[in-house]
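Structural characterization, general
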Amino acid sequence: MSTIIYLLQRFGAFLTFFVLQIICFVFIVRYNDQQGKIFWSSVNRVSGGVLENFDQTVRYFHLRDDMDSLAAENARLIELLANAEIDTSAVAQQITSDSFRQVYTVIPCKVISNSVNRKNNTLTLNCGEEDGVLPHRGVVSAQGVVGVIQKVSPHYAQVMSILHRNFKISALLKKNGTTGSLVWMGEDPSIMRLESIPRHETIQKGDTVQTTIFSGLYPTGIDIGVIESFGLEVGNYAYNIDVKLFEDMTRLDYVYVINNLDKEELDQLENESGNE
Amino acid sequence: MNSALFKNIVRFITLVLLQILVLKHVAIGGNFWLSIQVLIYPLFILLLPFRTSPYLVLLLAFLIGLTVDMFYGTPGIHASASVFTAFLRTIVLRFLEPNGGYNLNYSPTKVRMGWGWFFRYSLILFFGHLLWYFSIENFTFFYSFTEIIKDTFSSFLISYGLLIIIQIVFNPLD
């Protein structure tokens, strides 16, 4: 108690000064525009900086959920895009929602195993039969084509990567719509070979290569890569075209399985006509 | 005691009236390079009797500052400067204490203490008051340091001149 009194006696004047200045400060900042603005902008800068740093740290813990919701959103959008191309209305005047049939569904999956350095590469996905994944369905990522579902189990699926000797889909050149077959040569994981483009077609370097629906695996128009170089050997019927893939196959994370609802119908039709 | 109290009350009222009625309109502020405020009311704080306790000085300074603020429309700025001056006064008086100590019945006027002492006393306090005032008015130290110095000096010359004139004319004893 006596020390408090002693302190008050010694510093009383300063304390009173301090208290009065605080009161004045409150008045100044509250009732004067210019001072108030300057004060609050400085305060906001400090508090904003602190809160932002805190938020950055906390945000790290939400990353997984954020990615999952983004993948789901992407699947939904890809689905919309894929289905938008299908217009089955025979009568031009009728534009109802029935004329846009839901042909594709898109399932987002996460890649849990991948390889790029073997001659025949495969991926494993963490969704399976229970998520609606069936064999012989196309797999794409946000950047481009990834592969085809080979086998499924209840919870997992095995994918034949495009970097696989047996992988062969039909692809087209965006500029003039010419179709060819896309295969992998087995060496560079970022380059694939587009075959069967006849020599009378004009080819341009930098042209985009996209999917067609002919394989029944992917909707039309999914990007695969760009023409990096092409050559024509004497006596050959077709070009040798090197396509540089958009997707970096070494960094696959979230992919989307394209489920073509008509696929069974198409397969059945082809089998029947093949058997005749 | 009574006459001292009476004198100080009269001084309070006169200086405040002078400040708000006359000097408020003298302020040159249109040209943004120079902002001159003529302040005369700190004279009240300067001339308070020696024996007023530091707390009372602070309180009175707060009051006169707030009163001027009310008429200037700047709540708190003059009050803050006045409180600072009051605080400074206690320290400065201790510094300038003559060898025999102060005669507590007197006030720090030029008649009682002589021109030399008075100049030192009023110069420090008045300059401090104006410096604090312009610092608060700009409220940013990083961009307007030169601004503060400039305003303080220009206002100081005029205000201090007025102060001296009043001292000569009225020649207050206490």
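Below, the structure is looked at part by part. (Residues numbered from 1 in each chain as written. Chains lettered and ligands numbered in written order. Predicted model: local features only at pLDDT ≥ 70, side-chain atom pairs only at ≥ 80, totals over all residues. Heavy atoms only, no water.)

1. Overview of the overall build of chain A
Secondary structure assignment for chain A yields four helices and twelve strands. Across the 276 residues in chain A, those meeting the buried criterion constitute 37%. By sequence separation, contacts in chain A at least 24 residues apart represent 56% of the contacts at least 6 residues apart. (Helix = DSSP H or I, 4+ residues; strand = E, 2+ residues; numbered from the N terminus. Buried < 20%, exposed > 50% of the residue type's maximum accessible area, 1.4 Å probe, protein only. Contact = heavy atoms within 4.5 Å.)

2. Comments concerning the pairing of strand 1 (residues 104–113) of chain A
As judged from the seven bridges shared by strand 1 of chain A and strand 12 (residues 254–260) of chain A, these two strands associate in the antiparallel manner. From the neighbouring strand, Cys109 of chain A faces strand 12 of chain A, where its bridge partner is Val255 of chain A. (Pairing = 2+ DSSP bridges.)

3. Observations regarding the interface of chain B and chain A
Across the boundary between the two partners, chain B contributes 22 residues, which contact 20 residues of chain A. Of the roughly 1700 Å² buried where chain B meets chain A, counting both sides, 76% is carbon and sulfur surface. Along the contact surface separating chain B from chain A lie five residue pairs in polar contact (both at pLDDT 80 or more). Taken together, the elements giving at least two residues each to the side of chain B that touches chain A come down to helix 3 (54–72), helix 4 (77–95) and helix 6 (115–138) of chain B. Classifying every residue of the side of chain B that touches chain A by side-chain character gives 15 nonpolar, six polar and one charged. (Buried area = accessible area lost by both parts, 1.4 Å probe. Polar contact = N/O pair within 3.5 Å; in protein donor to acceptor, adjacent residues only side chain to side chain. Nonpolar A, V, L, I, M, F, W, Y, C, P; charged D, E, K, R; others polar.)

4. Notes on unusual backbone geometry
Residues and elements named next belong to chain A. A positive phi angle is found at His136, which is not glycine, with a value near 60 degrees. Within the secondary structure, His136 sits in the loop between strand 2 (122–125) and strand 3 (138–140). Exposure remark for His136: the relative accessible area of 45% places this residue in the partly exposed category. A positive phi angle, near 65 degrees, is found at Ser196, a position not held by glycine. Tracing the sequence through the fold places Ser196 in the loop between strand 8 (191–195) and strand 9 (208–211).

5. What about the sheet that holds strand 4 (residues 145–152) of chain A?
All names here are of chain A. Strand order in this closed barrel of six strands is 1-2-5-4-3-12, and the pairing throughout is antiparallel. The average undirected angle you get between the axes of adjacent strands in this sheet is 45 degrees. Relative to strand 1, helix 3 (residues 63–84) is tilted by about 145 degrees, and along the sheet it contacts strand 1 and strand 12. (Axes fitted to C-alpha atoms, helices over the stretch in contact; angles between N-to-C directions.)

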